[in-house]
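# Tertiary structure, described
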Amino acid sequence: MGGPEVSATRLNTSRLEALALVLILLIVAGTAGWASFSHVHDWTMRHVPDGTPDAFGWANAVLSDLVPVACLLDIRRRRRHRDPIGYPVFLMLAFAAFSLAAQLAVADASPSGWLLSALPALAFMALTKLVFTGTPTPATAPARPTPAPAPGREPVDAEPIDVPAAAAPVFTPPTPAPVRSALVSSVVQAPRNGHIVSEVTR
């Protein structure tokens, strides 16, 4: 009792948890992406000629952080179709290295400064990978359909029948008739006292 209801409740709970996890990760990844964008923008505008539009710095920021995301999606698609993934992996690593270099360039020259400056880019890449390559919620197995009864056959209520109990007949083998031994008679003529006498032998 309650089997399908319990399964449906667990499925809805799993979907809600998965949706909440995706929303949280997207918010955190968006925040980390904004911080990473700012670092790349500042680093770009620091090294471009005077008069370069500010939009150029934001364009570099978008390219450095969103190209790895696009490469990650393309890698998933290629794996599903069993295609080679060497080129998108190369692009992802190249643009990720560019973004990380920008984070370190604007940081203070100290281990803590490098770590704090690189943290947004690392968090953005890690959370993006977690969102797009996380383990999906396993689908529940479909319920097996109940086979329908064969048409034209209706259940019949059989009433019990009283069968009188009778003693089983005892088999008595017939008494064999007595076998009489066959008598074989023969006439033998033998001389006795000068006379021929016929005798019957058995």
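Each residue is numbered by its place in its chain's sequence as written, counting from 1. Predicted model: local features are reported for residues with pLDDT of at least 70 only, side-chain atom pairs are reported and counted for 80 or more only, and whole-chain, interface and lining totals are derived from all residues. Note that the side-chain values use all heavy atoms of the structure and ignore hydrogens as well as water.

This paragraph deals with the overall build of the protein chain. Helix and strand definitions follow DSSP, with helices as H or I runs of at least four residues and strands as E runs of at least two, each counted in order from the N terminus. Counting its secondary structure elements, the protein chain contains four helices and two strands. Going from N to C terminus, the protein chain has its helices and strands arranged as α-α-α-α-β-β. Sequence-distant contacts, at least 24 apart, represent 52% of the contacts inside the protein chain between residues at least 6 apart. Under the convention used here, a 1.4 Å probe and the Shrake-Rupley method define accessible areas, while residue burial counts only the protein chains that appear. Per element, the accessible surface of the protein chain, about 16200 Å² overall, is 66% carbon and sulfur. Any pair of residues with heavy atoms lying within 4.5 Å of one another is described as a contacting pair.

Mapped onto the elements, Leu 72 comes out in helix H2 (residues 54-80). Note: C-alpha distance between Leu 72 and Ile 85 (13 residues apart in sequence) is 9.9 Å.

The next point concerns the side chain of Asn 60. Secondary-structure assignment places Asn 60 in helix H2. With near-sequence residues (within four places) excluded, Asn 60 lies in contact with Val 40, Thr 44 and Phe 98.

Any two side chains of opposite charge can pair, given that their charged atoms come close. Definition used for salt bridges: Asp or Glu carboxyl oxygen within 4 Å of a side-chain nitrogen of Lys or Arg. Scanning the entire structure with this criterion turns up two salt bridges. Arg 77 is the partner of Asp 74 in a salt bridge, and the nearest nitrogen-oxygen pair spans 2.7 Å. Residue Asp 74 and its partner Arg 77 are located together in helix H2, separated by three residues, close to a single helical turn. Across the salt bridge formed by Asp 74 and Arg 78, the nearest N and O atoms sit 2.7 Å from each other. Here Arg 78 and Asp 74 lie together in helix H2, a separation of four residues that amounts to about one turn. A 1.4 Å probe rolled over the protein chains alone gives each residue an accessible area, and that area as a share of the maximum for its type sets the label: buried under 20%, exposed over 50%, partly exposed in between. Among the residues examined, Asp 74 registers a relative accessible area of 21% and is labelled partly exposed.

On to the nonpolar core, then. A general trend in soluble globular proteins is that nonpolar side chains are found buried together. Only buried residues count toward a nonpolar core. Its members are Ala, Val, Leu, Ile, Met, Phe, Trp, Tyr and Cys residues joined through side-chain atoms within 4.5 Å. Counting residues in each nonpolar core, the largest one holds six residues, listed as Leu 25, Ala 29, Ala 32, Val 69, Phe 124 and Leu 127. Elements with a minimum of two residues in this core: helix H1 (3-47) and helix H4 (111-133). In this structure, Phe 124 is in contact with Ala 29, Ala 32, Gly 33, Asp 65, Leu 66 and Val 69, ignoring residues within four places of it in sequence.

Another aspect to go through is unusual backbone geometry. Backbone geometry places Arg 82, a non-glycine residue, at a positive phi of 60 degrees. Mapped onto the elements, Arg 82 comes out in the loop between H2 and helix H3 (86-105).

The next thing to look at is the environment of His 41. One can find His 41 in helix H1. Judged by relative accessible area, His 41 falls into the buried class, the value being 9%. Residues His 41 and Ala 59, spaced 18 residues apart in sequence, show a C-alpha to C-alpha distance of 8.0 Å. If we skip the residues at most four places from it in the chain, His 41 touches Asp 54, Gly 57, Trp 58 and Ala 61.

Residue pairs three or four apart in sequence face the same way in an α-helix, which turns once every 3.6 residues. One fewer than the residue count of a helix, multiplied by 1.5 Å, yields its expected span. Taking 1.5 Å as the rise per residue, H2 with 27 residues should run 39 Å; its terminal C-alpha atoms sit 40 Å apart, in good agreement. A residue's bend is given by the angle between axes fitted to the 7 residues ending at it and the 7 residues starting at it. If you look at H2, its biggest bend is around 30 degrees, right at Leu 66, and the proline Pro 68 turns up within four residues after that. Within the sequence span of H2, burial applies to Gly 57, Asn 60, Ala 61, Ser 64, Asp 65, Val 67, Pro 68, Val 69, Cys 71, Leu 72, Ile 75 and Arg 78. One or two residues past the end of H2 sits Arg 82, with phi positive at roughly 60 degrees.

As far as function goes, none of this settles anything; it's purely spatial.
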